[in-house]
Each structure stands twice: as C-alpha cells, then as structure tokens.
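Architecture at a glance
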Amino acid sequence: MSETIVPWKATIMSLYPDMFPGPLGTSLAGRALEKGLWSLDTVHIRDFAQGKHRNVDDTPSGGGAGMVLRPDVIGAAIDHVTEVGDMRPRILLSPRGKPLTQEKVRSLKEAGGAILLCGRFEGVDQRVIDSRQLEEISIGDYILSGGELGAMVLMDAVVRLLPGVMGKVESGEDESFESGLLEYPHYTRPTLWEGQEIPEILTSGHHGKIAKWRKEQSIELTRLRRPDLYEIWKDGQT
Ligand code: SAH
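For every chain, the first residue of the written sequence is number 1, and numbering continues from 1 along that sequence. In keeping with the model being predicted, local features are shown solely for residues with a pLDDT of at least 70 and side-chain atom pairs are shown and tallied solely at 80 or more, while totals for entire chains, interfaces and linings include all residues. Excluded from the side-chain calculations are hydrogens and water; all other atoms, namely the structure's heavy atoms, are used.

As a structural note, the neighbourhood of the ligand is formed by 18 residues, with Leu93, Gly119, Glu122, Gly140 and Tyr142 the closest of them. Definition of a polar contact: a pair of N or O atoms within 3.5 Å, with one able to donate and the other able to accept a hydrogen when the atoms are protein atoms, and with sequence-neighbouring residues admitted only if both atoms are side-chain atoms. Within the backbone of Leu93, an N or O atom sits 2.6 Å from an oxygen atom of the ligand. At a separation of 2.9 Å, an oxygen atom of the ligand approaches a polar backbone atom of Gly119. Protein chains shield 85% of the accessible area of the ligand, which is 560 Å² for the free molecule. For the shell around the ligand, the secondary-structure elements that each account for two or more residues are β5 (90-99) and β8 (135-138). Going along the chain from the N terminus, every DSSP run of H or I of four or more residues is numbered as a helix, and every run of E of two or more is numbered as a strand. Looking at the shell around the ligand, the element that brings in the most residues is β5, giving three residues. Throughout, the ten residues Ala, Val, Leu, Ile, Met, Phe, Trp, Tyr, Cys and Pro are labelled nonpolar, Asp, Glu, Lys and Arg are labelled charged, and all others, Gly among them, are labelled polar. Residue classes in the shell around the ligand are distributed as eight nonpolar, eight polar and two charged. The criterion for a residue being near a molecule or strand is simple. One of its heavy atoms has to lie within 4 Å of it. The accessible surface values rely on the Shrake-Rupley method and a 1.4 Å probe; as for residues, cover is taken only from the protein chains in view.

Here it is in structure tokens:
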C-alpha cells in the first residue's frame, strides 16, 4: 500500500513572480517539485492594484526616501491566497524579522506549507503586517533588494527536509546546527592530495574513535567560529 503524500505547499506573493521557481527548479528541489513532494504557486502583487496606474506603492508617510507597499493592495493579495481554514503561517520576508534558524525551518516543514510575502522598496505598510498577522522572518543581518531570494532560501531549506527529497534519511541528521554544533570537516579520496593526507583516524576503520574525533572537531570549530552557539551548546551539556 503506498502512502499518500501531501505536498508541502508554498504560495508566493511578489512583484517579480517570474523569478520563481528559479534555482529551486533544478537539482534536489527541482526534482522534488516534479515528483509532487512540494508545490509552488505564485501570485503577482500588481494584479491586486486598482485604478488606471495600478500603483502598488506610495511615498512614506512622514517623509523619507523610497516607497512603501500599500496596505490595500497587499491585504487584497493576502486575502486572495488565504482560503478559509488555511492554517499555513503567513510570513513576510524582512530584515527586521526573527532570524531563520534550522529549528524554524523544521517547524515550517511541519506546518505543511507557507504563504510568503516578498517585500520590495522600503518595505510594507505596518497596518497590513498587523491586521493580517504576518510573521516577519529575516535570512540574515544584511539588506537584500527584495524578499524573493529570502523566500527561495527559506523554501530550499525546508524542501530538502521533506520525506523522499534527500537520498538517505541520515544525511540530514549530522548537519551543522542539528546538534547545536557546526559540522566536522569532511575528506574523500585521493588519500594523498598535494602532499596532504587524510587524518589517519578516518582511515582506521575504528567507528567509535571516528565518532569521537568528529565530535571533538565539531566542538572546537564551533568554539572558534561561533562562540554564541558554543555557549548555548555548553549550557545544554550540564
Ligand atoms: N527598509 C528596510 C529594507 C527594505 S529591503 C529596512 O531597513 O529594514 C526590501 C525588501 O527586501 C524587504 O521588504 C524584504 O522583503 C526584503 N529583505 C531585505 N533584506 C532581507 C533579509 N535580510 N531577510 C529577508 N528579507 C529581506
């Protein structure tokens, strides 16, 4: 008996829907899309603009540079894509949001899908963020020109976790962040390359010692590169 697969369902609202699926149409995510393990719908924000000029943005109240996405247009777009009973999280990609973490990625996977609003210009009118209860998520402490690449980053991270996407289940478990630590270094053939050997322990065949070595490497790398993560991990050890 074959299990019925409920695809993880992404709905994107953007001024540049042609950017999708973009890089998510190839490789792992692309094959998963073809197999129906996830789905991707795009909605053009401009389709919800009214009037002769179909303006989606206007100048910021109170002055200042740039333009702001209008709440009436964005609100109409959100209402159009949100059917009654649709419990998917409604997310605004935003540098002011909570940083996207592997833990958040896992919870979005469990949510079965997401509605993703890609901002542009200076951002989105606060009233529609509040009234439609958009959760702001940031992909890092830098400014992109739009939310589209952020949405792709988020979806890529989720899709690779979906059942049937990655070859081996284990290949997801050892990764950086899953254990609270960064991953240990990898090696493969040739055994000798440009005068450099693979660490002897890895060719010893001694699985216990290999696991111990990898753990030590993970801890040391995390301590050096990500003292913030290291402190959290260390607190969890006692
Ligand atoms: N004026 C805003 C930046 C706007 S950038 C500020 O200073 O906070 C334009 C759009 O790009 C944003 O609305 C958002 O959707 C997207 N964006 C920019 N940086 C991002 C980031 N780090 N993470 C997620 N989305 C981002």
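Looking now at the sheet that holds strand β1 (residues 8-14). Pairing is parallel across the open sheet formed by five strands, whose spatial order is β2-β1-β6-β5-β8. The open sheet has two free edges, formed respectively by β2 (38-44) and β8, since each of these has just one partner strand. The average undirected angle you get between the axes of adjacent strands in this sheet is 35°. Bridge analysis of β5 against β8 gives five bridges, and the strand direction is parallel. Along β8, the bridge assignment pairs Leu93 with Ile137. Here a residue-residue contact requires only that any non-hydrogen atoms of the pair lie within 4.5 Å. Every axis in this analysis is a line fitted to C-alpha atoms, fitted for helices over the stretch in contact. Angles between the N-to-C directions lie between 0 and 180 degrees. Sheet strands in contact with helix α5 (residues 148-159) are β1, β2, β5, β6 (113-118) and β8, and its direction is about 175° off that of β1. DSSP calls a pair of strands paired once it identifies at least 2 bridges connecting them.

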